[in-house]
Amino acid sequence: MRAPDDEPAPDTDPPPAPSAAALVETLQCLARPQDRFESARALVLDRSVRLALYVGGPDEIEAVGHALLLCRLLLGHSPELSRHRIADFRLL
């Protein structure tokens, strides 16, 4: 079925990503003490967002779990990131 010609086309472009400062501020607000979040840096390039999360933990597996949880919280909380996904993850 086709939409009538007088109706506007659906918006297929994702909303613009928030600023790097807004992402870090949102993470600081969302993080709970049990998330072991220490700090973050963000880089927003066009429609790509890169986060460097500093997360404490007794071991790598737990730190990685907390970092992924924080990313999921950020994706679920921010309408600007509604169409973004976690595409790559590197442990430094």
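So, how was this worked out
Residues numbered from 1 in each chain as written. Predicted model: local features only at pLDDT ≥ 70, side-chain atom pairs only at ≥ 80, totals over all residues. Heavy atoms only, no water. Helix = DSSP H or I, 4+ residues; strand = E, 2+ residues; numbered from the N terminus. Buried < 20%, exposed > 50% of the residue type's maximum accessible area, 1.4 Å probe, protein only. Contact = heavy atoms within 4.5 Å. Areas by Shrake-Rupley, 256 points an atom, 1.4 Å probe, with all protein chains shown as cover. Pairing = 2+ DSSP bridges. Arc of directions from axis to C-beta.

Student: Describe the overall build of the chain, naming the residues involved and giving the relevant values.
Tutor: Counting secondary structure elements, the chain contains 2 helices and 2 strands. Across the chain, helices and strands are ordered from the amino to the carboxyl terminus as α-β-β-α. Per-residue burial over the chain gives 23% buried out of 92 residues. Taking the intrachain contacts of the chain between residues at least 6 apart in sequence as the baseline, contacts between residues at least 24 apart amount to 46%. A total of about 7000 Å² of accessible surface is found on the chain, and carbon and sulfur atoms cover 54% of it.

Student: Summarise the pairing of strand β1 (residues 37-45); cite the residues concerned and give the values.
Tutor: Bridge analysis of β1 against strand β2 (residues 48-55) gives 8 bridges, and the strand direction is antiparallel. In the strand pairing of β2, Leu43 is matched with Arg50. Hairpin remark: β1 followed by β2, antiparallel, with 2 residues in the connecting loop; positive phi at Asp46, about 50°.

Student: Residue-level account of helix α1 (residues 20-30), with values.
Tutor: Within α1, burial applies to Leu23, Val24, Leu27 and Leu30. Viewed end-on, α1 has its buried residues packed into an arc of 130°, placing them on one side of the element. Facing away from the buried surface of α1 by more than 90 degrees, the exposed residues are Ala21, Glu25 and Cys29.

Student: So what's going on with the side chain of His84? Which residues, and what values?
Tutor: Structurally, His84 is set in the segment after α2 (60-77). When near neighbours in sequence (up to four residues on either side) are disregarded, His84 contacts Arg47, Val49 and Leu75.

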